[in-house]
Amino acid sequence: MKTRTHRWTHPRTPGIRIQLALWYLLVFAVLVLCAGLLLYTQVQRSLESSMDSALVLRAQTLSNGISVEGGTINISAETSGIGGYSGEQTGSHEDVNFGTLTSLLDAHGRPVRMTSAFHSLIIPAVSVTQPLHGSPWRGTVTTATGQRVRLYSMPLTTQDHTFAILQVGESLTQQQDALHSLLLEMCVIGPLILLLGAAGSYWLAARAFVPIDRVTRAARQIEVNDLHQRVPLPKAHDEVYRLAVTFNTMIERLEAAFQHQRRFVADASHELRTPVTAIHNLAEMALLEGGNLDACTTALHDITGETERLGHLISGLLALARADEGKTILEQEVVHLEQLVGAVVAYAQPLATECAVTMQLSVSQPVVVIGDESRLIQVVMNLLENALHYTNRGGKVTITLTTNEHVAHLIISDTGIGIADDHLPHIFERFYRVDPARGRTEDNRNGLGLSIVEWIVRAHDGQMKVESAVGQGSTFHVFLPLPDDDLAYKLPAATRMRSSGV
């Protein structure tokens, strides 16, 4: 029997426009609810205050017709609404919603007069004891059937002596009906307001995203081959303006990256085609010579040189490609930089002798850094070769190694032809060369040496600086951070040159 499996799918998250409208609606609902509660409470308090004021005024009016003589409470004939004497009356009473609620008690709390509707009230004792002590009392009482009545009790005094208590009441049914009507209207109007608010919120959200949609459409129209276009900037310097500026900055970086990539591919193709063409031509010449052994041997030597040049070029390209992808792993070891520089200078001395260039090394003290020794050897060797290449015969190359605070400072200075100011910003670009005619000889240089040097220094958290003047020479500064003593103690030391690194 086959079982049927159900694939549960997660609900799609609503778009930011709907989310913004929902947040507007939520905030609006909270505001409407708070406003409704505030209105309801305010109306309730206002009705209660109005009723209490009316009861006080009514009690004061009735009290004007009540007096005491010789211990007897007298009620004037003009005073109406107090009712007749009521001891233990039974039977049906008037409805509290229509009948008058008035009661007159003597100084002992016994009824003197009471309206018929007042018999239905459940009177608390405090409504009598508190006025007997001279303080009026107001509160809400109920009938036997659960109807609520607002009651006010005031003492009647003469010569600071309380001789009676007058109680007046008013049914709260009308007030409750008014509050219920208000609540019902709020329940009907509230959702209608929220519905209109939801529509307005969505419309406002849509209006707010019009500039963003305009930026999005403009950005979507920009293709890879059309990166010179820019997103139009709105007039208002708001969030959308900053978004458009960010888009334009990103497009500028992409345009520069694509141009750099195109130039790099074109230069790499040209550099690779040159040795391949040379090898092809040399091989054809050897074949044409036929049985001439000397010519074939010469052609093979030339082919070997071209393949060596091609191998150096491919190795440099591979190193830079791995660096761009972040796949190059650098060793972390203690490197005695003064020994490394001294060994590289000694290794390059035959080349300097061949070029008739004097090299001078100046090291003030031992310098220890943390890094990849083979890569650091490559830095020093490439800079030395560059200095020797562009220094005329009889010139001088000076290598100085010092420390400055927490930085190791390597200086390689030459008295060569120098570099023009317009070339200085580009010397670390791949395949970039100053005019080859200014070099001393033609060689296998491919324009990747300084690019590799700059990448290695940056990978060691260092910096490079170049100073040059045409006809006076160039000075390359390499700054490498010095390690903490604890870190240098824990890492293994590298004390010899690696032949593969040179």
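Refer to the structure above for everything that follows.
Every value quoted in this text rests on a predicted model; they were computed, and no experiment measured them.

Considerations on the side chain of Ser 103
Working step 1: Tracing the backbone shows Ser 103 in strand β3 (residues 101–106).
Working step 2: On the accessibility criterion, Ser 103 (0% relative accessible area) is buried.
Working step 3: Discounting residues that sit within four places of it in the chain, Ser 103 has contacts with Arg 113, Met 114, Phe 118, Ile 165, Leu 166 and Gln 167.

So, the sheet that holds strand β13 (residues 463–469)
Working step 1: The mixed open sheet is built from five strands, whose spatial order is β9-β11-β12-β14-β13. Both edges of this open sheet fall to β9 (358–363) and β13, since each of them pairs with a single strand only. The mean inter-strand angle of the sheet, taken between neighbouring strand axes irrespective of direction, is 15 degrees.
Working step 2: Of the strand pairs in this sheet, β13 and strand β14 (residues 473–481) are connected by seven bridges, and their pairing is antiparallel. Its bridge partner lying in β14, Lys 465 is registered against His 477.

Details of the sheet that holds strand β5 (residues 137–142)
Working step 1: Taken together, five strands build an open sheet; the order of strands is β4-β3-β7-β6-β5 and the sheet is antiparallel. Each edge of the open sheet carries a strand with a single partner, namely β4 (111–114) and β5. Recorded for the sheet is a direction-independent mean angle of 20 degrees between the axes of neighbouring strands.
Working step 2: In this structure, β3 lies alongside β4, joined through three bridges in antiparallel fashion. Bridge assignment links Leu 104 to a residue of β4, and that residue is Arg 113.

Digging into a nonpolar patch on the surface
Working step 1: Residues Val 27, Phe 28, Leu 31, Leu 184, Val 188, Ile 189 and Ile 193 make up a contiguous nonpolar surface patch of roughly 630 Å² in combined accessible area.
Working step 2: Sorting elements by how many residues they give to the nonpolar patch places helix α3 (residues 173–208) first, with four residues.
Working step 3: Within the secondary structure, Val 188 is located in helix α3.
Working step 4: When its relative accessible area of 55% is taken as the criterion, Val 188 is described as exposed.

Observations regarding the environment of Val 141
Working step 1: Among the secondary structure elements, Val 141 is positioned in strand β5.
Working step 2: Overall, Val 141 belongs to the buried group, its relative accessible area being 4%.
Working step 3: For the pair Val 141 and Ile 122, spaced 19 residues apart in sequence, the C-alpha to C-alpha distance is 6.5 Å.
Working step 4: Once residues within four sequence positions are removed from consideration, Val 141 is found in contact with Leu 121, Ile 122, Pro 124, Gln 147, Arg 148, Val 149 and Leu 151.

Description of the layout of surface pockets
Where empty space is left in the structure can be found by rolling a water-sized probe over the atoms.
Working step 1: Within this model, the second largest pocket holds a volume of roughly 310 Å³.
Working step 2: What lines the second largest pocket is a set of 16 residues, and nearest its centre among them are Val 32, Leu 33, Gly 36, Met 186 and Gly 190.
Working step 3: Among the elements that line the lining of the second largest pocket, the one with the most residues is α3, at 10 residues.

Parameters and conventions
Residues numbered from 1 in each chain as written. Predicted model: local features only at pLDDT ≥ 70, side-chain atom pairs only at ≥ 80, totals over all residues. Heavy atoms only, no water. Helix = DSSP H or I, 4+ residues; strand = E, 2+ residues; numbered from the N terminus. Buried < 20%, exposed > 50% of the residue type's maximum accessible area, 1.4 Å probe, protein only. Contact = heavy atoms within 4.5 Å. Pairing = 2+ DSSP bridges. Axes fitted to C-alpha atoms, helices over the stretch in contact; angles between N-to-C directions. Patch = residues over 30% accessible without salt bridge, like charges linked within 9 Å, V, L, I, M, F, W, Y side chains within 5 Å. Areas by Shrake-Rupley, 256 points an atom, 1.4 Å probe, with all protein chains shown as cover. Salt bridge = Lys/Arg side-chain N within 4 Å of Asp/Glu carboxyl O. 1 Å grid on protein atoms, 1.4 Å probe; cavity = no way out; pocket = protein on both sides within 12 Å on 5 of 7 lines; lining within 4 Å. Points joined across faces, edges and corners; volume = space filled by probe spheres on them.

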